[in-house]
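# Chain and residue survey
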Amino acid sequence: MSYAENPIKRRQSTQIKVGNVLIGGDAPIAVQSMTNTKTTDVEATVAQIQAIAKAGADLVRVSVPTMEAAEAFKLIKQQSPIPLVADIHFDYRIALKVAEYGVDCLRINPGNIGREDRIRSVVEAARDKNIPIRIGVNGGSLEADLQEKYGEPTPEALVESAMRHVDILDRLNFDQFKVSVKASDVFLAVGAYRLLAKQIKQPLHLGITEAGGARAGAVKSAIGLGMLLSEGIGDTLRISLAADPVEEVKVGFDILKSLRIRSRGINFIACPSCSRQEFDVIKTMNELEQRLEDVVDPMTVSVIGCVVNGPGEALISDLGVAGANRMSGFYLKGQRQKLRIDNNNVAEQLEAQVRLYLEEQKRLIEIKQLD
Ligand code: SF4
């Protein structure tokens, strides 16, 4: 097997549709985030949704804790560029209200709704309007009887909890759902998802819940989700960070990029730098990431401080720079070019080359389409 091939064999799941986004089956793994503004503040919530969408998210979740928030949700939905998942706990009337207002997915646990007639009314509304449901179980809010049965949150306990909700939907003959079994502990979450993946056919929504602040949370999520995704488990994901939701989307794509599952924007290869560096690699990388934040086309750019690894990394990159005395070497698809990069402003020149490259790619695609 060549390392250029992706060795991941994806778990076969059924497919559901959240607005115009397909989840599961052979659909790309969807990246989502969640707003943290007050839902009743329509302007702030719409602005945050737009920022999340601009970062590349496929879906966004919005909490709808009250009827007042449901009314705000109606206005938010009208202005959202991407499908919305409404997060509802317990109150079936809110679920019915947002279903009326065009919600794309309901995150509600049927077992928490209460009376059978209420559960039925929510499921019937979802069926009528083609709205899928996300069942979401969380290690931090496991039912008391399961806590007692298992003594502590375990993968089995999480899955048993999820299956209670799954069974309700099965009984009502509703199969348009996805399930999450999140926990803040990596092994607990991974164990639960592995078990669940064998028990149901529906898509799985991955997440390490309450993962932590921007850096530690990203690492924890990358480890947990990396284990699952590399086993082919997972159809959509949310990185939970105590940080700007836009960061969650970026980390989500970085995880997918690292496993070569889905790419968006530039995949940078950069050396950590050392005393051999011929230009300031760290400063260049920080600048480049900012300068090229708007690029959504997938491509690989290597930024390497010297010739020890520069030409080699350039071989697996679309564009590359390898540090040399005063003027560094520039590579296109692994081929050394005549153009040399002045070590005094590598970021600026590389940005210009990336943009030229993207224009050229666009032109080539247009020519191909005319043929
Ligand atoms: S590629 Fe060169 S500059 Fe970068 S870390 Fe290695 S030896 Fe140092």
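Residues numbered from 1 in each chain as written. Predicted model: local features only at pLDDT ≥ 70, side-chain atom pairs only at ≥ 80, totals over all residues. Heavy atoms only, no water.

### Observations regarding the sheet that holds strand S15 (residues 335-342)
Spatially, S11-S12-S13-S14-S15 is the arrangement adopted by the 5 strands of the open sheet, whose pairing is mixed. Each edge of the sheet is formed by a strand with only one pairing partner; in this case those strands are strand S11 (266-270) and S15. If you compare each strand with its neighbour and ignore which way they point, the axes differ by 20° on average. In this sheet, S15 lies alongside strand S14 (residues 327-332) in antiparallel orientation, the contact comprising 5 bridges. Looking across to S15, one finds that Leu332 is bridged to Gln335. (Pairing = 2+ DSSP bridges. Helix = DSSP H or I, 4+ residues; strand = E, 2+ residues; numbered from the N terminus. Axes fitted to C-alpha atoms, helices over the stretch in contact; angles between N-to-C directions.)

### Some details on the sheet that holds strand S6 (residues 105-107)
Here we have 8 strands laid out as an open sheet, ordered S8-S7-S6-S5-S4-S3-S10-S9, and parallel in their pairing. The open sheet has two edge strands, strand S8 (177-182) and strand S9 (205-206), and neither has a second partner. Where strand S7 (residues 133-138) and S8 come together, 6 bridges link them in parallel fashion. In the sheet register, Val137 faces S8, and the bridge partner there is Val181.

### A look at the UniProt feature "domain: IspG TIM-barrel" (unreviewed entry) in the protein chain
This chain's UniProt record puts "domain: IspG TIM-barrel" (unreviewed entry) on residues 14-252. Secondary structure within residues 14-252 divides into 46% helix and 18% strand; the distance between the first and last C-alpha atoms comes to 22 Å. (UniProt positions renumbered as here; feature names shortened; annotations may be inferred.)

### Overview of the packing of aromatic side chains
Counting across every chain of the model gives 0 aromatic pairs. Note that Arg264 overlies the ring of Phe253, its terminal NZ or CZ placed 5.8 Å from the centroid. (Phe/Tyr/Trp six-rings, centres within 6.5 Å; stacked < 30°, edge-to-face > 60°. Lys NZ or Arg CZ within 6 Å of the ring centre and 35° of its normal.)

### Examining helix H6 (residues 155-171)
Along its 17 residues, H6 runs 24 Å from first to last C-alpha, staying within 8% of the 24 Å computed at 1.5 Å per residue. Within the sequence span of H6, burial applies to Ala157, Leu158, Val159, Ser161, Ala162, Met163, His165, Val166, Ile168 and Leu169. Tucked into the core, H6 has its buried residues touching helix H4 (116-128), S7, helix H5 (144-150), S8 and helix H7 (186-199). Backbone geometry just downstream of H6 places Asn173 in the positive-phi region, at approximately 60°. (Expected span 1.5 Å × (residues − 1). Buried < 20%, exposed > 50% of the residue type's maximum accessible area, 1.4 Å probe, protein only. Contact = heavy atoms within 4.5 Å.)

### As for the pairing of S14
For strand S13 (residues 319-322) and S14, the ladder comprises 4 bridges, and the chain directions are antiparallel. Note on S14: the bridge partner recorded for Ala322 is Gly329. Counted along the chain from S13 to the antiparallel partner S14, the turn is 4 residues long, and its residue Arg326 has a positive phi close to 65°. Hairpin geometry of S14 and S15 is characterised by an intervening segment of 2 residues between the two adjacent antiparallel strands and by a positive phi of about 50° at Lys333.

### Description of the site of the ligand
Inspection of the region around the ligand gives Cys271, Ser273, Cys274, Arg276, Gln277, Ile304, Gly305, Cys306 and Asn309 as its neighbouring residues. Here the residues of the shell around the ligand sort into 4 nonpolar, 4 polar and 1 charged. (Near = heavy atom within 4 Å. Nonpolar A, V, L, I, M, F, W, Y, C, P; charged D, E, K, R; others polar.)

### A short note on the packing of H7 against helix H8 (residues 214-230)
In the contact formed by H7 and H8, the axes pass within 10 Å of each other and the chain directions differ by 25°. The angle between the axes of H7 and H8 places the two elements in the roughly parallel class. Judged by the sense of rotation from one axis to the other, the crossing of H7 with H8 is right-handed. Taking contact as the criterion, the partners of Val186, Phe187, Val190, Tyr193 and Arg194 in H7 are, on H8, Lys220, Ile223, Gly224, Met227 and Leu228. Classifying every residue of the contact of H7 with H8 by side-chain character gives 7 nonpolar, 1 polar and 2 charged. (Parallel < 35°, antiparallel > 145°, perpendicular 65-115°, else oblique. Left-handed = near helix turned anticlockwise from the far one by under 90°.)

### With respect to the nonpolar core
Judged by nonpolar contacts, the single largest core of 81 residues is most densely connected at Val64, Ile88, Val98, Leu106, Val179 and Leu237. Excluding residues within four positions of it along the chain, Val98 makes contact with Val64, Ala70, Phe73, Ala86, Ile88, Val103 and Leu106. Within the second largest apolar cluster, 23 residues are counted, among which are Phe279, Met299, Val301 and Leu319. (Core = buried A, V, L, I, M, F, W, Y, C linked by side-chain atoms within 4.5 Å.)

### A word on the UniProt feature "domain: IspG C-terminal" (unreviewed entry) in the protein chain
In the numbering adopted here, UniProt assigns the feature "domain: IspG C-terminal" (unreviewed entry) to residues 267-354. Split by type, residues 267-354 is 30% helix and 32% strand. Its first and last C-alpha atoms lie 12 Å apart.

### Re the domain arrangement of the protein chain
In terms of domains, the protein chain is made up of domain 1 (15-258) and domain 2 (266-370). Each of domain 1 and domain 2 was reduced to a C-alpha centroid, and the two centroids are 38 Å apart. (Domains from an automatic or database assignment.)

### Some thoughts on the pattern of salt bridges
Under the counting rule described, the total for this entry stands at 27 salt bridges. Lys149 is paired through a salt bridge with Glu160; the nearest N and O atoms lie 2.8 Å apart. With Lys149 in helix H5 and Glu160 in helix H6, the pair connects residues that are 11 residues apart, well separated along the chain. Looking at Lys149, the relative accessible area reads 53%, which means it is exposed. Sharing partners across several salt bridges, the network here consists of Glu143, Asp145, Lys149, Glu160 and Arg164. (Salt bridge = Lys/Arg side-chain N within 4 Å of Asp/Glu carboxyl O.)

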